[in-house]
Amino acid sequence: MNLMRLWLVCALLTTVALGQLVTQNPLDELRTQVAEVLAAAGVPFTPEQERQIALLLEDRRQASESLFGEIMDFSSGVPEGDQRDRALAGIQWIHDEFRAILSDFLTPAQREVWEEFESSGALIGGQIAGDDSPQPDRIQEIRVVNNPLTAENSVGGGTGPGSLRQSTEVIERGGTGAFHGNFSAAFQDDVLNARNPAAENKPPYHERTISGNISGPVIRDRLTVSFSLRNNRRENVGTVKAETLDGPFALGITRPNVGKFYEGRGILQFTDTQSLHFGVEHRSFSRENQGIGNFTLPERGSDSRSNNYEVDLRHIAVLSDRAVYETRFSWQQGHSETTPLTIGPGVNVLAAFNGGGGQNRSESDATDFGFGNLLYFTDGRLTLRAGTEGTYRREREVDENNFLGLYTFSDLENYRNRTPSQYDVNRGDPVLDVNHLQIAAFVQNDLRLTNRLTLMLGFRYQGQNNVDGNHAMDPRLNIAYAAGSSTVIRAGIGTIHEPWTIRDQKRLLRFDGQRQFGLRVSQPGWPDPFQSGDIETIPPRSRRIATSDMRTPYYVTTVIALERSLPGNLQINFSVDHNRGVNLKRRRNINTPFPGSITPENPDGLKPFPNEGDIIEERTAGLSSHTNYRISLRQRFSIFNIVANYVGNRGYSDGNMLSNAYDLFWDWGRAGSQENHTLTASINSRLPRDVYLTTSFSANSGEIYNITTGTDDNKDGQFSDRPEGVRRNSETGPRFFAVGFNVSKAFQLNLGPGGNTSGGTQISLFANIDNAFNMTNLEAPVGVMTSRNFGLSTSAFAPREIEVGLRYQF
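This text gives an overview of the structure that appears in the document. (Residues numbered from 1 in each chain as written. Predicted model: local features only at pLDDT ≥ 70, side-chain atom pairs only at ≥ 80, totals over all residues. Heavy atoms only, no water.)

### Points about the packing of helix H2 (residues 26–40) against helix H5 (residues 108–119)
Note the cut-off: Axis definition: a line fit to C-alpha positions, over the contact stretch in the case of helices; interaxial angles, taken between N-to-C directions, run 0 to 180 degrees. Elements are defined by DSSP. Helices are runs of H or I of four residues or more, strands are runs of E of two residues or more, and each kind is numbered from the N terminus. Angles below 35 degrees are treated as roughly parallel, those above 145 as roughly antiparallel, those between 65 and 115 as roughly perpendicular, and all remaining angles as oblique. Throughout, a crossing is termed right-handed when the near helix is turned clockwise from the far one, and left-handed when it is turned anticlockwise from it by less than a right angle. In this analysis, two residues are considered to be in contact whenever any of their non-hydrogen atoms come within 4.5 Å of each other. Residues are grouped as follows: Ala, Val, Leu, Ile, Met, Phe, Trp, Tyr, Cys and Pro are nonpolar; Asp, Glu, Lys and Arg are charged; all remaining types, including Gly, are polar.
At a minimum axis separation of 10 Å, H2 and H5 run at an interaxial angle of 115°. Compared by their axis directions, H2 and H5 come out roughly perpendicular. The chirality of how H2 crosses H5 is right-handed. Contacts from Leu30, Gln33, Val34, Val37 and Leu38 of H2 reach H5 at Gln110, Val113, Trp114 and Phe117. In terms of residue class, the contact of H2 with H5 is built from seven nonpolar, two polar and no charged.

The structure is reproduced here in structure tokens:
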């Protein structure tokens with residue numbers, strides 16, 4: 001009811017506002033104007049022409065809408081300065097390009113009428129009403145990509161809403177535009193925030209963020225530079241909700257986190273056709289009390305530090321009005337380290353608490369090199385993109401994870417009696433030097449067969465140095481078809497390989513049984529795990545191996561999408577994509593006792609290799625099947641603008657680590673921790689007196705989670721066994737719903753070009769309110785059957801949090 005009242009107030013207040021912003025994309029306005037001019041002259045569009053222009057328009061609408069959306073998005077206050085100028089220039093560039101191509105779709109009679117109208121000066125220009133010319137010469141090129149399976153794309157498949165990605169790139173010219181700056185300071189405190197419903201206290205919390213950027217032409221028509229900085233100091237709030245021998249333990253905690261970011265970028269325009277884009281950046285992070293929360297006690301936390309430096313260069317050469325060639329190079333140097341807060345063996349009591357000393361001391365130094373090139377060619381009906389790309393990483397890592405040992409207890413009673421179920425410890429050389437090379441080549445041909453049908457053929461090759469099946473061939477096929485005057489259908493199929501990462505390589509090299517190995521003791525002694533009564537046992541070593549038929553995982557992806565423009569400025573996009581994963585990474589312990597060999601007389605069972613410990617086999621034999629449904633809706637009224645997105649996910653996969661080494665299908669079940677249904681929406685409103693309000697909604701159907709017995713029933717060293725007949729990720733947690741607000745008030749210090757309030761210099765006061773109604777959203781319940789909290793949610797998502805700040809823009 002309160003939310004409906006807020007909506008009503010916003011509607012009443014904004015009926016007299018929003019006079020300076022059009023509600024329709026300039027591309028749509030231009031199309032409407034062309035249709036009206038031709039109809040008035042007696043040479044209207046034919047139904048066939050309307051369908052042809054629909055495809056021409058939709059190929060550019062997404063890019064224009066992305067830029068137009070930046071101007072209409074008030075979630076960070078009114079867009080001003082360089083962001084606004086860039087968006088306006090991009091909209092004008094796309095508008096002018098569409099206008100130039102439009103004449104090819106007109107009959108001679110229609111072309112004569114339209115050219116006469118253009119010469120009269122009555123043409124809608126493409127800029128936002130009330131603004132001066134947005135300087136389209138600032139834009140050198142906009143590369144529109146309306147193909148989620150383009151061969152340029154190296155990732156996809158997957159399971160998430162962003163698994164199919166497409167993007168449009170805006171390339172600017174050096175020495176253009178105007179000087180702009182944007183500086184802000186934001187503050188958050190526990191006084192403004194609510195208490196987490198899962199915690200019995202509200203810990204002190206402070207966060208402050210200072211950010212800014214300045215950009216503009218240093219040498220007119222030659223050099224543009226920009227400098228950005230961001231300094232964020234915050235204490236992330238969490239809760240510990242555990243069961244100890246002293247009873248329930250509930251504590252609100254903070255995790256201090258300091259992040260610093262500095263970046264300098266520039267565009268050097270050598271000539272009208274040659275430019276160099278360059279950037280230098282430095283990032284550093286400091287994090288304290290990491291890993292604490294839920295069942296993990298404060299004593300088990302760790303601190304981490306990292307520093308990263310990066311340089312990137314990109315040379316763009318315009319070979320002709322049809323061809324562009326570019327080369328890219330990047331260098332990155334990084335250092336990171338993690339230090340436990342306490343030193344000593346770790347103790348895990350399943351679904352009760354995780355305590356003892358930290359087990360994750362590590363240090364890493366890495367250097368990355370990136371390189372690539374691209375040839376872009378178009379002649380109207382054919383668009384060609386061809387190029388190469390590659391990365392090389394050299395890393396030296398010191399990892400002492402679990403070098404002090406970890407005890408696992410099945411429940412609190414066993415912990416009280418000091419009878420652990422298992423003890424694990426790693427031994428050997430913690431130092432590892434590794435390198436990783438990955439290269440790719442691609443070619444993408446987009447051929448306009450007719451004015452209503454575009455065929456897109458692509459091929460991508462990928463290779464790497466750390467897996468036997470290191471050659472990946474990815475063919476891809478897409479079509480775009482104008483089915484009506486305002487409807488475009490897109491469909492495609494292709495394969496997308498997932499590289500074998502350097503993390504996978506390190507895991508195999510580190511635990512090869514020689515460099516490092518693991519020791520595991522079942523039913524160990526306490527406090528000496530290797531002493532059981534008067535008998536001392538030295539357990540065999542554990543190791544990791546890879547199968548001889550390792551292959552690069554890949555996805556077979558099919559997608560169909562419908563783009564529809566409806567009356568009243570309503571845009572709807574609907575898509576379905578199906579991703580079939582093949583050769584996915586899986587691990588299993590091949591030295592698990594044979595089924596049926598575990599008896600009261602022989603509790604450890606009979607292993608295939610009795611003189612060895614765990615043998616974790618890495619293999620590429622996993623499968624997955626995911627179907628994602630996406631609906632996006634955009635509606636611009638004269639009083640507010642709505643953007644809504646729905647994602648429905650239905651996915652199944654094998655487990656990454658098999659819980660039954662002898663039944664490869666035992667772990668087939670719902671995938672990951674995704675929600676089956678997710679809905680997000682935002683409403684942007686401009687109120688009178690330069691007040692801006694964004695209302696956001698977020699809802700999902702709840703995370704999925706596992707039910708486990710809490711014991712290692714099959715003696716494979718994993719406490720992930722499920723009751724008989726219970727599938728993986730069989731349960732669904734509580735639903736989630738939250739509403740947030742961003743409200744800002746702009747104080748205009750001086751007017752922008754043309755004397756209007758858009759642009760110029762201003763100061764804004766703003767407030768961000770997350771979970772504004774302080775709704776309790778519980779996380780997934782405990783799924784461990786031996787826990788006292790089995791079936792109960794012991795943690796919750798963040799309560800209401802409020803951030804206030806000040807922003808200066810010019």
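### A word on the pairing of strand S17 (residues 453–464)
Regular strands place side chains that alternate from one sheet face to the opposite one. Stated precisely, the cut-off is as follows: Here, strands pair whenever DSSP counts at least two bridges between them.
As paired elements, strand S16 (residues 431–450) and S17 share 12 bridges and run antiparallel to each other. Counterpart to isoleucine 439 in the pairing with S17 is glycine 463. Looking at chain direction, S17 and strand S18 (residues 471–484) are connected through 11 bridges and run antiparallel. What sits directly across from tyrosine 461, in S18, is methionine 473.

### Quick look at the packing of H2 against helix H4 (residues 81–102)
Packed helix pairs are specified by the crossing angle of their axes together with the interaxial distance, meaning the distance between the axes. Contact geometry for H2 and H4: axes closest at 10 Å, N-to-C directions at 30°. With respect to their mutual orientation, H2 and H4 come out roughly parallel. Seen from above, H2 lies across H4 with right-handed handedness. Contacts between H2 and H4 involve Pro26, Leu27, Leu30 and Val34 from the former and Ile91, Ile94, His95, Phe98, Arg99 and Leu102 from the latter.

### As for the nonpolar core
Side chains of a nonpolar character, in soluble globular proteins, are inclined to be buried together. In plain terms, the rule: To define a nonpolar core, start from buried Ala, Val, Leu, Ile, Met, Phe, Trp, Tyr and Cys residues and group those joined through side-chain atoms within 4.5 Å. Whether a residue is buried, partly exposed or exposed follows from its accessible area with a 1.4 Å probe, protein chains only, as a fraction of its type maximum: under 20%, in between, or over 50%, in that order.
In this structure, Val34, Leu67, Phe98, Trp114 and Ile142 are the most contacted members of the largest nonpolar core, which totals 30 residues. Within the residue set of this core, elements represented by two or more residues are H2, helix H3 (47–72), H4, H5 and strand S1 (139–143). In this structure, Val240, Phe517, Leu519 and Val521 belong to the second largest nonpolar core, which totals 19 residues.

### Description of the pattern of salt bridges
Quick note on the threshold: Within this document, salt bridges are pairs made up of a side-chain nitrogen of Lys or Arg and a carboxyl oxygen of Asp or Glu, the two lying within 4 Å of each other.
Inspection of every chain in the model, using the stated rule, returns 42 salt bridges. Residue glutamate 326 is joined to arginine 328 by a salt bridge in which the shortest nitrogen-to-oxygen separation is 3.0 Å. Overall, glutamate 326 belongs to the buried group, its relative accessible area being 2%. On the basis of relative accessible area, arginine 328 is assigned to the partly exposed category, the value being 28%.

### Examining the side chain of glutamate 803
What counts here: Asp and Glu count as negative and Lys and Arg as positive, but His and the ends of the chain are not part of the count.
Within the secondary structure, glutamate 803 sits in strand S35 (residues 801–809). Buried and unpaired, glutamate 803 has no salt bridge, with arginine 230 as the nearest side chain of opposite charge at 6.5 Å.

### Some points on the packing of aromatic side chains
Each pair of aromatic rings is reported with the distance of its centres and the angle of its planes. What counts here: Working definition: a ring pair exists when centres of Phe, Tyr or Trp rings (six-membered ring for Trp) sit within 6.5 Å. Plane angles under 30 degrees give stacked, over 60 give edge-to-face, the rest tilted.
Here the structure, examined in full by the defined rule, presents 11 aromatic pairs. Seen from their ring centres, phenylalanine 736 and phenylalanine 797 are 5.4 Å apart, and the 80° between their planes marks the pair as edge-to-face. A residue pair is termed long-range when its members are at least 10 positions apart, and phenylalanine 736 in strand S33 (residues 736–750) and phenylalanine 797 in the loop between strand S34 (761–770) and S35 qualify at 61 residues. Looking at phenylalanine 797, the relative accessible area reads 29%, which means it is partly exposed. Ring geometry for tyrosine 808 and phenylalanine 810: centres 6.0 Å apart, planes at 40°, overall tilted. Residue tyrosine 808 is classed as partly exposed on the basis of its relative accessible area, which comes to 33%. On the basis of relative accessible area, phenylalanine 810 is assigned to the partly exposed category, the value being 26%. The rings of Phe353, Tyr407, Phe409, Tyr415, Tyr423, Trp526 and Phe530 are connected pair by pair, giving a single aromatic cluster.

### Observations regarding unusual backbone geometry
Between tryptophan 526 and the following residue, proline 527, the backbone shows a cis peptide bond with an omega angle of 5°. Mapped onto the fold, proline 527 is located in the loop between strand S20 (516–522) and strand S21 (531–532). Of note, the phi angle at asparagine 402 is positive, near 60°, even though the residue is not glycine. Tracing the backbone through its elements, the reader meets asparagine 402 in the loop between strand S13 (382–399) and strand S14 (406–409). Its relative accessible area of 10% is what places asparagine 402 among the buried residues. Phi is positive for glutamine 523, which is not a glycine, with a value near 50°. Considering the arrangement of structural elements, one finds glutamine 523 in the loop between S20 and S21. Residue class for glutamine 523 comes out partly exposed when judged on its relative accessible area of 48%.

### Notes on H3
The test is simple: One less than the number of residues in a helix, times 1.5 Å, gives the span that helix is expected to have. To obtain the bend at a residue, axes are fitted to the seven residues ending there and to the seven starting there, and the angle between these axes is taken.
Taking 1.5 Å as the rise per residue, H3 with 26 residues should run 38 Å; its terminal C-alpha atoms sit only 33 Å apart, a clear shortfall. Maximum bend of H3: about 35°, positioned at arginine 61.

### Things to note about the pairing of strand S3 (residues 180–189)
Sheet topology places S3 next to strand S4 (residues 206–219); 10 bridges connect them, and they run antiparallel. If you follow glutamine 188 over to S4, its bridge partner there is glutamate 207. In this structure, S3 lies alongside S35, joined through seven bridges in antiparallel fashion. Residue pairing in the sheet places phenylalanine 183 in a bridge with tyrosine 808 of S35.

Read these as spatial facts, not as claims about activity.
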